[in-house]
Amino acid sequence: MTDPDFWSRQKAIITAGASGIGLKIASAMHAAGAKVWICDIAERPLAEAAAALPGLGTMVCDVADPAACNDFVARATEAMGGLDILVNNAGIAGPAAAVQDISTADWTRCFEVNVNGQFFMARAAIPHLKAAKGGSIVCMASVAGKYAFPLRSPYAASKAAVISLARALSVELGPDQIRVNAIAPGVVAGDRIRRVFTDRAATRGISYEEMEAIALRAVSMKTMVEPEEIAGLVMFLCAPSGRPISGQVMSICGGLEYTE
Ligand code: NAD
């Protein structure tokens, strides 16, 4: 079913939208005509995004802070006049280390941002999505939440929790025509993966190039995923094309079936 005005009616919130994958999603929805608000902890990238995308709403907000999440959702929904889409994108890599070497603070911070943040945002957004009589929540997980992921246990466990949260939400919100799906990207090209490979290479005592080759060994297509391709999947899920899709974990990874 084609609906040429669909995107111009949409009001969307994207967390951690000032750079990386979140900015690509915000840019794609903005280009399609949606009203978009993003939050981030980094002020300068927020200002740069606002300058690049006229009409974009921005606010500093750490998703690990429940009061800040409530404020952000309240301000964005008031400015846009409602809410149709929540993209729970914020997530940090956490430490790259063996379990016995991980501090309580590092473990806890990874869960506070990756899991608590998605809960706080969903909790604040749900009344607005219900008022709109339907909508879509996309929860950014990772293939790390589906397979064993040695030396990244806080990240892997947190992303498994995101998948479980998305599944529970999809059942709770289905009767309200609110769809909830998790996306599981694999190795995504960009700054973050460069940082992650640098950390993991150091932990293993190997070169960056060796680490990259190991990561792509498990990818059947031997390719990284472009952030724009993830934005395309988010758009597909939130648009009428995704109308009957809920409670799913969609991998976008070039065929990544295990991790090393
Ligand atoms: P990134 O590291 O490039 O960071 C993007 C933005 O997140 C930055 O602007 C940063 O300031 C912001 N941010 C960090 N902590 C925040 C917080 N507490 N509150 C609000 N904003 C915060 O991230 P990315 O690579 O774009 O990843 C986005 C999402 O995709 C994450 O959930 C990540 O786990 C997931 N993911 C990424 C990859 C990858 O290879 N890049 C793979 C799988 C899943």
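(A) How the structure looks around the packing of aromatic side chains. Applying the stated rule across the entire model yields four aromatic pairs. Judged by centre distance (5.1 Å) and plane angle (20°), the ring pair of Trp 107 and Phe 111 falls under stacked. Within this pair, Trp 107 and its partner Phe 111 are both found in helix H4 (residues 104-131), separated by four residues, close to a single helical turn. You can call Trp 107 partly exposed: its relative accessible area is 36%. Here Phe 197 and Tyr 208 contribute two aromatic rings whose centre-to-centre distance is 6.0 Å and whose plane-to-plane angle is 65°, an arrangement assigned as edge-to-face. Within this pair, whereas Phe 197 is found in helix H6 (residues 191-204), its partner Tyr 208 is found in helix H7 (residues 208-217), the two being separated by 11 residues in sequence. The exposure class assigned to Phe 197 is buried, which follows from its relative accessible area of 1%. Overall, the relative accessible area of 23% leaves Tyr 208 in the partly exposed class. Its guanidinium or amino end placed over the ring of Tyr 155, Arg 152 lies 4.4 Å from that ring's centre, counting from NZ or CZ.

(B) Main features of the state of the cysteines. For the structure on display, the rule yields zero disulfides. There is no disulfide at Cys 69, and the cysteine sulfur nearest it, in Cys 61, is 4.4 Å away. This cysteine, Cys 253, is not joined by any disulfide, and Cys 139 carries the nearest cysteine sulfur, 18 Å off.

(C) Seen up close, the sheet that holds strand S4 (residues 85-88). Ordered by their spatial adjacency, seven strands build an open sheet running S3-S2-S1-S4-S5-S6-S7, and the pairing between neighbours is parallel. A single partner strand is all that each edge strand has here, and the edge strands are strand S3 (57-60) and strand S7 (249-252). Here the strands of the sheet are splayed against their neighbours by 15° on average, with no regard to which way each runs. As defined by bridge partners, S4 adjoins strand S5 (residues 135-140) across four bridges and the pair is classed as parallel. Counterpart to Ile 85 in the pairing with S5 is Ser 136. Those strands touched by helix H2 (residues 43-52) are strand S2 (35-40) and S3, and its axis lies near 175° from that of S3. Against the sheet, H4 touches strand S1 (11-15), S2, S4, S5 and strand S6 (178-185), its axis set at about 175° to S4.

(D) Expanded view of the pairing of S6. Most of S6 sits inside the fold, with eight of its eight residues counted as buried. Neither face of S6 is open: one carries Ile 178, Val 180, Ala 182 and Ala 184, the other Arg 179, Asn 181, Ile 183 and Pro 185, and all of them are buried. Strand direction decides the pairing type here: S5 and S6, joined by six bridges, are parallel. Counted as the bridge partner of Cys 139 is Ala 182 from S6. Traced from S5 through helix H5 (residues 153-173) to S6, the parallel crossover comes out right-handed. Pairing analysis gives four bridges linking S6 to S7, with the strands arranged parallel.

What counts, and at which threshold
Residues numbered from 1 in each chain as written. Predicted model: local features only at pLDDT ≥ 70, side-chain atom pairs only at ≥ 80, totals over all residues. Heavy atoms only, no water. Phe/Tyr/Trp six-rings, centres within 6.5 Å; stacked < 30°, edge-to-face > 60°. Helix = DSSP H or I, 4+ residues; strand = E, 2+ residues; numbered from the N terminus. Buried < 20%, exposed > 50% of the residue type's maximum accessible area, 1.4 Å probe, protein only. Lys NZ or Arg CZ within 6 Å of the ring centre and 35° of its normal. Disulfide = S-S within 2.5 Å. Pairing = 2+ DSSP bridges. Axes fitted to C-alpha atoms, helices over the stretch in contact; angles between N-to-C directions. Contact = heavy atoms within 4.5 Å. Right-handed = clockwise from strand over helix to strand, strands pointing away.

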